[in-house]
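Residue-level structure breakdown
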Amino acid sequence: MHRRRRTALVLSAAIAAAAPFLTACGSGAHAGAAAVVGGQRITVSQLESRVNEVRQAQRAAVPDETQYQQVLASTSSLTRDTLHNMVLDQVLHRAAQDAGVSVTRKEVEQLRSGLEQQAGGAKGLQAAWLQKYGIAPKHLDDNLRLQAEATKLAQVLGTDTAQPAFWKALAKASQELHVDINPRYGAWDVQKSSRVDAKTPWVREVTSAGTQVSA
């Protein structure tokens, strides 16, 4: 139970990490990309779609307008945090591949079953992941696969997800993938395998419709 709880905090712990060693993509090198990971683009539209899925789930869970505005205020960094998760997913998957680690569908189902028991059922788990980690219900299994990969990778390395050896493996994967983040969303700290804020206060995030997005 404690191991499950610890691995469930992999994303939130990494989001909070920060260090001065940053990388960022050039403004014209990856037009239309929120990030480039291993030569593959995470487009702005893909990021916005993922954020909108979370917002829709939050709206459905909190129909009261006043309470919903409070949710929006408390998750004002959702866009950046979501991009962090999308990048970290690929970094962790690469680190797991490098270590010969794979996760089966059955293992994901077992992890989900155990967490559902702790959360009081499937809806309780969905609500908890939405509230704590900004994960929409449709992406819950993908995130649980990430957690399972983190656990197995740590086991293969003879450590746990809180120790330097684990994050060193992720840093190596970050370097291999040449992670670049569009400066409007911050920068990628290779050593911490974490998105961090870049000092570009004049950059504002705008949707394709021309309205500002929470960042």
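Residues numbered from 1 in each chain as written. Predicted model: local features only at pLDDT ≥ 70, side-chain atom pairs only at ≥ 80, totals over all residues. Heavy atoms only, no water.

1. What about the overall build of the chain?
Short version of the rule: We count a stretch as a helix when DSSP gives it H or I for four or more residues in a row; a strand needs E for two or more, and each element gets its number in order from the N terminus. Each residue is placed in one exposure class: buried if its accessible area under a 1.4 Å probe, protein chains only, is under 20% of its type's maximum, exposed if it is over 50%, and partly exposed if it falls in between. Residues count as neighbours in contact if any of their non-hydrogen atoms are within 4.5 Å of one another. Per-residue and other accessible areas follow the Shrake-Rupley method at a 1.4 Å probe size, with only the shown protein chains counted as cover for residues.
For the chain, the helix and strand inventory stands at 9 helices and 5 strands. Listing the helices and strands of the chain from first to last along the sequence gives α-α-β-β-α-α-α-α-α-α-α-β-β-β. Relative to its full complement of 215 residues, the chain shows a buried share of 45%. If you take every contact in the chain between residues at least 6 apart in sequence, the share linking residues at least 24 apart comes to 68%. Surface accessibility of the chain: about 11,200 Å² in total, with carbon and sulfur atoms responsible for 51%.

2. Observations regarding the side chain of His-139
The criterion, for reference: Pairs of N or O atoms are called polar contacts if they sit within 3.5 Å, as long as, within protein, a hydrogen donor faces a hydrogen acceptor (for residues adjacent in sequence, only side-chain-to-side-chain pairs).
Tracing the chain through its elements places His-139 in the loop between helix H7 (122–133) and helix H8 (140–156). Looking at His-139, the relative accessible area reads 15%, which means it is buried. A polar contact is formed between the side chain of His-139 and the side chain of Arg-50, at a distance of 3.3 Å. Not counting the four nearest positions on each side in its chain, His-139 is found in contact with Arg-50 and Glu-53.

3. Re helix H3 (residues 44–61)
Note the following rule: One less than the residue count of a helix, multiplied by 1.5 Å, gives the span that helix is expected to have.
Between the first and last C-alpha of H3 there are 26 Å, a value that for 18 residues agrees with the 26 Å anticipated at 1.5 Å per step. Buried within H3 are the following residues: Val-44, Leu-47, Glu-48, Val-51, Glu-53, Val-54, Arg-55, Ala-57 and Gln-58. Next to the buried residues of H3 lie strand E1 (33–37), strand E2 (40–43), helix H4 (65–74), helix H5 (78–98) and H7.

4. Describing the packing of aromatic side chains
As a reminder of what qualifies: Working definition: a ring pair exists when centres of Phe, Tyr or Trp rings (six-membered ring for Trp) sit within 6.5 Å. Plane angles under 30 degrees give stacked, over 60 give edge-to-face, the rest tilted.
Under the definition given, this model contains 2 aromatic pairs. Seen in terms of ring centroids, Trp-129 and Tyr-133 are 4.9 Å apart; in terms of plane orientation they differ by 70°. Their pairing is edge-to-face. Here the residue Trp-129 and the residue Tyr-133 both occupy positions in helix H7, the gap between them amounting to 4 residues, near one helical turn. The pair Trp-129 / Tyr-133 is uniform in exposure class, with both members buried.

5. A word on the pattern of salt bridges
Pairing between side chains of opposite charge can happen when the charged atoms of each approach one another. Note the following rule: Only one rule defines a salt bridge in this text: a Lys or Arg side-chain nitrogen within 4 Å of an Asp or Glu carboxyl oxygen.
In the structure shown here, the tally under the stated rule is 9 salt bridges. In this structure, the salt-bridge partner of Lys-172 is Asp-98, at a minimum N-O distance of 3.9 Å. Of the two residues, Lys-172 is situated in helix H9 (residues 164–177) and Asp-98 in helix H5; the sequence distance between them amounts to 74 residues. Arg-112 serves as the salt-bridge partner of Asp-141, at 2.6 Å between the closest nitrogen and oxygen. Remark: Arg-112 occurs in helix H6 (residues 105–119) and Asp-141 occurs in helix H8; sequence separation between them is 29 residues. In this structure Asp-141 comes out as partly exposed when scored by relative accessible area, which is 37%. In this structure Arg-112 comes out as buried when scored by relative accessible area, which is 17%.

6. Some remarks on the pairing of E2
Within a regular beta strand, the side chains point alternately toward one face of the sheet and then the other, so they alternate between its two faces. The criterion, for reference: Being paired, for any two strands, means DSSP has found at least two bridges between them.
Of the strand pairs in this sheet, E1 and E2 are connected by 4 bridges, and their pairing is antiparallel. Note that in E2 the partner of Ala-35 across the bridge is Ile-42. Taking the residues between adjacent antiparallel strands as the criterion, E1 and E2 are bridged by 2 residues, where Gly-38 takes a positive phi near 60°.

7. A few points about the layout of surface pockets
Condition: Both cavities and pockets are sets of points on a 1 Å grid over the protein atoms alone; in a cavity a 1.4 Å probe fits but cannot get out, in a pocket the set is open with protein on both sides within 12 Å along at least five of seven lines, and lining residues sit with an atom within 4 Å of a point. Grid points are joined across faces, edges and corners, and a volume is the space filled by probe spheres set on the points. Put simply, Ala, Val, Leu, Ile, Met, Phe, Trp, Tyr, Cys and Pro go in the nonpolar bin, Asp, Glu, Lys and Arg in the charged bin, and everything else, Gly too, in the polar bin.
The space that makes up the largest pocket amounts to roughly 260 Å³. Of all elements in the fold, only H3, H4 and H7 reach the threshold of two or more residues within the lining of the largest pocket. No other element matches the 5 residues that H7 contributes to the lining of the largest pocket. Tallied by class, residues from the lining of the largest pocket come to 6 nonpolar, 5 polar and 1 charged.

8. A word on the nonpolar core
The condition that has to hold: Here, nonpolar core means buried Ala, Val, Leu, Ile, Met, Phe, Trp, Tyr and Cys residues that are tied together by side-chain atoms lying within 4.5 Å of each other.
Leu-83, Val-87, Val-91, Phe-166, Leu-170, Val-179 and Trp-188 are the most contacted members of the largest nonpolar core, which has 33 residues in total. Only E1, H3, H5, H8 and H9 provide two or more residues apiece to this core. Counting residues per element, this core draws most heavily on H5, which supplies 8 residues. Of all hydrophobic cores here, the second largest spans 12 residues; its members include Val-108, Leu-125, Ile-135 and Leu-144.

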